[in-house]
Amino acid sequence: MKLSKLSIAIALTSTVFNPFYSHNVYSNTLMQAKHFDQTNFLDSPKLKTREDITDYLVSEKLDGIRAYWNGNTLLTRSGKTIHTPSWFTSSLPTTALDGELWVARGRFQQVAQTVLDNKPNDEEWQSIRFMIFDLPSNSAPFEHRYQQLLDDITLNSIAHVSIVKQKFVTDITALEMWLKLLDESNGEGLMLHHRHNGYYPGRSDNLLKLKSYQDAEATVIGYTEGNGKFDDKMGALWVVTPDNITFKIGSGFKDFEREAPPAIGTTILFRYNGVTNSGIPRFARFIRVRDNLDI
């Protein structure tokens with residue numbers, strides 16, 4: 001695939017071309033986490049001292065599809081109906097449930113292909129689990145909501161339903177060690193939920209996500225040609241972030257993605273480790289195309 005100079009030059013007009021979409025307002029009805037920068041734990045306004053970490057219940061962050069059960073229908077975080085086999089939801093209670101549809105670490109693509117299919121494949125759904133982590137309609141503090149989930153006989157008797165395990169950690173060092181173990185076993189990260197937190201729509205200061213890297217979105221605005229083993233293929237993508245930061249991403253691509261790279265205007269998800277003084281993401285690498293609000 002030979003890339004035109006025009007497609008490369010498009011990157012230079014990034015401050016004008018920034019076609020980021022608006023998220024569905026339905027997502028604002030769910031509680032969402034804020035990012036917790038593990039490089040300086042004490043910067044968090046909710047962690048004034050190292051001892052404050054003991055006020056948080058911590059769980060593994062699951063890389064699946066967010067799912068909200070409203071007592072009648074299973075919905076994505078953008079409010080779309082999730083088409084499941086009848087047996088998957090027939091035994092769920094009328095109580096609202098917030099959770100994640102998940103298979104295992106490193107199996108996100110399998111979950112996405114199965115869950116977002118408008119014609120549910122019964123065999124593929126056999127491997128999907130509904131991992132429940134909250135009770136949205138319950139006004140009790142989180143530690144009490146979690147205990148109610150553990151005590152719910154109905155939920156605990158459904159084979160494809162699990163309650164996400166929460167536990168307290170003794171100190172920051174224990175938290176760092178847990179995160180390191182997850183990194184070594186292809187885990188996504190950790191979620192920290194303050195034990196006194198209620199369930200409130202939108203981003204919460206009392207719900208934090210902790211990862212050893214950051215994820216973000218950008219829009220493809222151009223390409224650079226590859227050379228050497230990537231001759232006649234895409235070498236890197238020019239992208240622009242919602243904050244109009246323009247930069248190149250040249251790693252993380254499979255061969256077929258270099259032969260047929262994401263089209264200009266496509267939103268992609270990338271991973272990085274901090275930013276430079278100019279705000280450019282460090283060690284940016286391509287993860288996947290984000291053509292669906294629920295992925």
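Preceding this paragraph is the structure being described.
Here is what the cut-offs are and how they apply
- Residues numbered from 1 in each chain as written.
- Predicted model: local features only at pLDDT ≥ 70, side-chain atom pairs only at ≥ 80, totals over all residues.
- Heavy atoms only, no water.
- Pairing = 2+ DSSP bridges.
- Helix = DSSP H or I, 4+ residues; strand = E, 2+ residues; numbered from the N terminus.
- Axes fitted to C-alpha atoms, helices over the stretch in contact; angles between N-to-C directions.
- Salt bridge = Lys/Arg side-chain N within 4 Å of Asp/Glu carboxyl O.
- Buried < 20%, exposed > 50% of the residue type's maximum accessible area, 1.4 Å probe, protein only.
- Contact = heavy atoms within 4.5 Å.

K.L.:
In this structure, what is going on with the sheet that holds strand E14 (residues 267–272)? I would like to understand it.
P.N.:
Backbone hydrogen bonds are what pair the strands of a sheet, in a parallel or an antiparallel way. Spatially, the five strands line up as an open sheet ordered E13-E12-E11-E14-E15, and their pairing is antiparallel. Here the strands that pair on one side only, and so sit at the sheet edges, are strand E13 (246–249) and strand E15 (285–289). Mean inter-strand twist for the sheet, computed between neighbouring axes without regard to direction, equals 45°. Sheet topology places strand E11 (residues 214–225) next to E14; six bridges connect them, and they run antiparallel. Across the sheet, residue Gln 214 finds its bridge partner in E14, namely Tyr 272.

K.L.:
Just to check I follow, could you spell out the pattern of salt bridges for this structure?
P.N.:
Following the criterion strictly, the structure yields 13 salt bridges and no others. For Asp 134, the salt bridge is made with Arg 145, and the minimal N-O distance between the two is 2.6 Å. Of this pair, Asp 134 sits in strand E6 (residues 129–134) while Arg 145 is found in helix H5 (residues 142–151), placing the two residues eleven residues apart along the sequence. Judged by relative accessible area, which is 2%, Asp 134 ranks as buried. Linked by salt bridges that have partners in common, Lys 61, Glu 188, Lys 211, Asp 215 and Arg 271 make up one network.

K.L.:
When you look at the sheet that holds strand E3 (residues 65–69) in this model, what are you seeing that I'm missing?
P.N.:
Spatial ordering of the open sheet is given by E4-E3-E5-E6-E7, a layout of five strands whose pairing is mixed. Looking at which strands have only one partner, the edges of the open sheet turn out to be strand E4 (74–75) and strand E7 (161–163). As paired elements, strand E5 (residues 97–102) and E6 share five bridges and run antiparallel to each other. Paired with Gly 99 across the bridge in E6 is Ile 132. Strands E3 and E5 of the sheet are contacted by helix H3 (residues 108–115), whose axis makes an angle of about 45° with E3. Contacts from H5 reach E5, E6 and E7, with the element oriented near 145° to E6.

K.L.:
Is there a simple way to explain unusual backbone geometry in this structure?
P.N.:
Despite not being glycine, Asn 186 shows a phi value in the positive range, around 65°. As for its position among the elements, Asn 186 is in the loop between helix H7 (172–184) and strand E9 (190–194). For Asn 244, which is not a glycine, the phi torsion comes out positive at approximately 65°. Residue classification places Asn 244 among the partly exposed positions, given a relative accessible area of 33%.

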